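A closer look at the structure
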Amino acid sequence: MLPEIQTPHRLTCHCGAVEMEVTLSDGLNTKRRCDCSFCRRRGAVAVSAPLTGIRFVKGEENLSLYQFGTMTAKHYFCKTCGIYTHHQRRSNPNQFGVNAACLEGVNPRDLDPVPWSDGVNHPTDRVG
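A few points on the structure.

So, how was this worked out
- Residues numbered from 1 in each chain as written.
- Predicted model: local features only at pLDDT ≥ 70, side-chain atom pairs only at ≥ 80, totals over all residues.
- Heavy atoms only, no water.
- Salt bridge = Lys/Arg side-chain N within 4 Å of Asp/Glu carboxyl O.
- Buried < 20%, exposed > 50% of the residue type's maximum accessible area, 1.4 Å probe, protein only.
- Pairing = 2+ DSSP bridges.
- Helix = DSSP H or I, 4+ residues; strand = E, 2+ residues; numbered from the N terminus.
- Axes fitted to C-alpha atoms, helices over the stretch in contact; angles between N-to-C directions.
- Disulfide = S-S within 2.5 Å.
- Core = buried A, V, L, I, M, F, W, Y, C linked by side-chain atoms within 4.5 Å.
- Contact = heavy atoms within 4.5 Å.

Evaluated as defined, the whole model comprises three salt bridges. For Glu19, the salt bridge identified is with Arg10, shortest N-O distance 3.1 Å. For Glu19, a relative accessible area of 16% puts it in the buried group. With a relative accessible area of 36%, Arg10 lands in the partly exposed category. The partner of Glu21 in a salt bridge is Arg55, and the shortest N-O contact between them spans 3.1 Å.

What follows deals with the sheet that holds strand 9 (residues 95-99). Strand order across the open sheet formed by five strands is 4-9-8-7-6, with antiparallel pairing between neighbours. The sheet is open, and its two edges are formed by strand 4 (46-50) and strand 6 (63-66), each paired on a single side. Recorded for the sheet is a direction-independent mean angle of 25° between the axes of neighbouring strands. In terms of strand pairing, strand 6 meets strand 7 (residues 74-78) through four bridges, oriented antiparallel. Directly across from Leu63, in strand 7, lies its bridge partner Cys78.

This brings us to the state of the cysteines. What makes a disulfide is a covalent bond joining the sulfur atoms belonging to two cysteines. Counted according to the given criterion, the structure contains zero disulfides. Here Cys13 is not cross-linked by a disulfide; its sulfur's nearest cysteine counterpart is in Cys78, at 3.7 Å. Of all cysteine sulfurs, the one in Cys13 lies closest to Cys102, which takes part in no disulfide; the gap is 7.3 Å.

Time to look at unusual backbone geometry. The amide bond that connects Thr7 to the next residue, Pro8, takes the cis arrangement and shows omega of -10°. Backbone geometry places Met71, a non-glycine residue, at a positive phi of 65°. Inspection of the secondary structure assignment puts Met71 in the loop between strand 6 and strand 7.

Overall, antiparallel pairing links the three strands, which are arranged 1-2-5 in an open sheet. Looking along the sheet, the strands with just one partner apiece sit at the ends: strand 1 (9-12) and strand 5 (54-58). Neighbour-to-neighbour, the strand axes of the sheet open up by a mean angle of 30°, direction not taken into account. Bridge count between strand 1 and strand 2 (residues 19-22): four bridges; the pairing is antiparallel. Residue Thr12 lies in a different strand from strand 2, and its bridge partner there is Glu19.

Moving on, we get to the nonpolar core. Counting residues in hydrophobic clusters, the biggest one holds 23 residues, and the most contacted among them are Val22, Leu24, Leu28, Val98 and Leu103. Put simply, the parts of the chain that give this core at least two residues each are strand 2, strand 4, strand 7 and strand 9. With eight residues, the next largest nonpolar core counts Cys36, Ala44, Ala46 and Tyr84 among its residues.

Turning next to the environment of Val106. Tracing the sequence through the fold places Val106 in the loop between strand 9 and strand 10 (116-117). Distance in space between the C-alpha atoms of Val106 and Leu11 is 9.9 Å, their sequence separation being 95 residues. Residues in contact with Val106, not counting those within four places in the same chain, are Ile5, Leu28, Ala100, Ala101 and Leu111.

The structure is reproduced here in structure tokens:
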């Protein structure tokens, strides 16, 4: 059984420098992992939120942005503790993927099984 998610739900990095209120698209039901070169190394379970679904309580200026490849996805990390908090998706730039492990009261172990999405063969990577 999935943990109960409040609307909005509190999200923090490890050190607490970044805090957000997140309204998810469908609670934890959108959970997934990606196998692209970056995400499989990061290993986080992401859940979906609309672009309007994140409100910073504090620490937005403490986030660092990382982009690679097509430069479409925008991955955000706390500059202090290094924890990945969220990213604007390549698969749907109108959504954020939110690190489920940063949601208050959520343990990723409780989310298994978590489906994988095919980031290795992403349609935007195809030429021509």
